[in-house]
Amino acid sequence: MSQEQVTELIKERADIVEVIGRVVPLKKGSGSWVGVCPFHAEKTGSFHVYEESPHYYCFGCQATGDIFSFYQLYYHLDFMEARERLAQEYGVDLAPGDSFGSGRKTQRLFEVNRAAARLWYGALKKEGNAGLEYLRGRGVNAQAIRAFGLGFADGSGRFLADALGGDKEQLAAAEEVGLLFRSGSRYTDKYVNRVMFPIINTMNRVVGFGGRDITGLEAGKKYINSAASPAFEKSKNLYGLNASKESIHDKKSAILVEGYMDAVSLYMHGVTNAVAQLGTAFTPQQAKLLSRHTPAVALALDSDDAGMAAAEKSMDILREAGLKVRVLTLKGAKDPDEYIRKYGREAFEDAVRNAAPMYEFKLERVRGRYDLSESEGLTDYVKAAALIIAEMSPVDADYYTKMVSRDSGISEEAIRMETERGKGSGEARGARSPRRPARSDSADDMLRKNILGLALLSGAYLDRAVEYRHIFDGSDYAPILSAMLMLRAETNGEFDRAKLGDLLEDEARSLLDGIGGDWIGIPADELDRAFAQYMIRVEMSMLTDRQRDIMGAADLTRTEMDSEILTELKDIQRRISQLKEAIRSN
């Protein structure tokens, strides 16, 4: 069965009133079912569900769509996850070849993971085992063990293999997900003398494991993580998200930590919105996953140099996903686990409240590398700071230019000139994707994303955005705009996300999942004001590019420019100043 056939079959079987009515009390009205909108705060019902169409629409926040988009918004899922969940609920059989990983073979992999998790959890609960003693020594209580399903793989080397017995399918599945080794016809356990941390996704499936050695033998790895398989990709999962997602949604913020024990320890002390990386560098897919649940992330990685370097890399990835990023300073402890056990929940939450914005953290890190009492150190600091400022949006750049000027005594104008030089050199864009021929800094991508988000709400915004279509050329967001234009005539400017998604490849569809949620609950006049701001920024970005082209052409100086070019340059600079003033006054 193709993905399109699955989608259509789900639509046939699922009654939208019944689907939404499970979580939103609905009353029969004239031509629709009416309830209080689950996507913004209101007392009187402006949320309408239309049975015949079938779709929903909120006259308060303009949230609209079908059963798939409702599941995406309400349960914080991407389109594939929403479709998979609905397929399970309505008995739609998904063929083994389906790209969203729900075939019978993949299901067996999930089942053997769940069986292993249950076996190890049961073993840990028995008094006197070494795993339980280890966790108690780390201060882990029964509530945390239960919440995270922690387990223990004993030292026999045959614990799981014997438990699976002669079931050839289960043994083969366990080998495929990396739980067992095979030599001839004999299977042995991969995890021996380890406390087991099951990795559970947001669909509550056990997709993999992290195993922590408790023997202290130097020859062994401290942690072993599950191998990649059709059931598990480290780059697309986060530890503890299943337990913390509701808290993350309520607090509108997540805390990203490095280790499994950090997440468990924070949860146990009442900080329930933490998730952990999976033993590898943080990835764009993990950032995208977080962005479906929260607009903001606080980084609480290890406080050593390696942890701080990892924080710098992670924050760039998070920013690219559209998240606001802050960084915790945990003085007197090497990691969040040690900090909260040493100083308590209140101190940790104070550290979260006082977390530094990402650019402040970056600039402070750079400042610490130079001796500002010497002229050479001072100028090197300003040059390094200018490269960071070159990454920023115009508003952030203005704020931090003033801050660096105060710190260094160097004029704001000199810092801005150095920033422009940094943009042209390419150093400030070293980490960005080389496959985009157009400008590709994160400020531009955020601009595209926000414009499309508003265009999804109203055809009027789309019509105005089309005037600046060239700013999308060569970007990852170009296919989304093209698909919207294709559907515009058919939908009269009101977009069905499922249909829109069907026109896109996987990467663009994933970007679409993250567009539009920020505007839920925003009054219409504020939306108009925001769109006007974006149009100003588009013009300013285009003028800045033109200014850079003029200044960079043949490396001309002002004295070498002819009067016509010089006049154009002055007009551009005057217009940019006017636009900056318009942004400030708004």
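One can find the structure itself at the top, above this paragraph.
All figures in this text were calculated on a predicted structure; none of them were measured in a lab. Residue numbers run consecutively from 1 along every chain, following the written order of its sequence. Per-residue local features are limited, in this predicted model, to residues with pLDDT of at least 70; the limit for side-chain atom pairs, both in listing and counting, is 80 or more; totals at the level of whole chains, interfaces and linings are taken over all residues. The basis for every side-chain value is the complete set of heavy atoms in the structure, and neither hydrogens nor water enter the calculation.

Undergrad: I keep staring at the overall build of the protein chain and nothing clicks. Help me out?
TA: Think of it this way: any DSSP run of H or I at least four residues long counts as a helix, any run of E at least two long counts as a strand, and we number them from the N terminus. Of the regular secondary structure elements, the protein chain holds 26 helices and 16 strands. Accessibility here uses a 1.4 Å probe with only protein chains present; expressed as a share of the type maximum, an area under 20% marks a residue as buried, one over 50% as exposed, and anything in between as partly exposed. Counting every position in the protein chain, which comprises 586 residues, the buried fraction comes to 49%. Accessibility throughout is a Shrake-Rupley quantity obtained with a 1.4 Å probe, and a residue counts as covered only by protein chains that appear here. Within the structure as shown, the protein chain displays about 27,600 Å² of accessible surface, and the carbon and sulfur contribution to it stands at 49%.

Undergrad: Even after reading the chapter, I still don't get the pattern of salt bridges, so can you show me in this structure?
TA: Side chains bearing opposite charge may pair, as long as their charged atoms lie close to each other. A pairing counts as a salt bridge when a side-chain nitrogen of Lys or Arg comes within 4 Å of a carboxyl oxygen of Asp or Glu. Scanning the model with the defined rule gives 27 salt bridges in all. Its salt-bridge partner being Arg85, residue Glu89 comes within 3.4 Å of it at the nearest N-O pair. You can see Glu89 and its partner Arg85 sitting in helix α4 (residues 79-89), four residues apart, about one turn around the helix. Note on Glu89: relative accessible area 36%, which makes it partly exposed. One salt bridge in this structure joins Arg416 and Glu412, with 3.3 Å as the shortest N-O distance.

Undergrad: Quick question: what am I supposed to make of the packing of helix α14 (residues 336-343) against helix α15 (residues 345-353) here?
TA: Packed helix pairs are specified by the crossing angle of their axes together with the interaxial distance, meaning the distance between the axes. Closest axis-to-axis distance for the α14/α15 pair is 6 Å, and the angle between their directions is 130 degrees. Between α14 and α15, the angle is such that the two are oblique. Of the residues in α15, those in contact with Pro336, Tyr339, Ile340 and Tyr343 of α14 are Arg345, Ala347 and Phe348. Its residues placed into classes, the contact of α14 with α15 shows six nonpolar, no polar and one charged. Axes, fitted as lines to C-alpha atoms, cover a helix only where it is in contact. Angles between the N-to-C directions of the axes lie from 0 to 180 degrees. For classification, angles of less than 35 degrees are called roughly parallel, those exceeding 145 degrees roughly antiparallel, those between 65 and 115 degrees roughly perpendicular, and all remaining angles oblique. Contact between two residues is taken to exist if any of their heavy atoms lie within 4.5 Å; hydrogens are not considered. Classification used: nonpolar for Ala, Val, Leu, Ile, Met, Phe, Trp, Tyr, Cys and Pro, charged for Asp, Glu, Lys and Arg, polar for all others including Gly.

Undergrad: Help me out: how do you make sense of the sheet that holds strand β10 (residues 206-213) in this one?
TA: Strand-to-strand pairing in sheets goes through backbone hydrogen bonds, with the strands running parallel or antiparallel. Read across the open sheet, the four strands follow the order β6-β9-β10-β11; overall the sheet is antiparallel. Sheet topology places β6 (151-153) and β11 (223-225) at the edges, where each strand pairs with a single neighbour. Shown here is a sheet whose adjacent strand axes are inclined to one another by a mean of 30 degrees, direction ignored. Pairing between strand β9 (residues 194-200) and β10: seven bridges, direction antiparallel. The pairing criterion is simple: DSSP has to find at least two bridges between the two strands.

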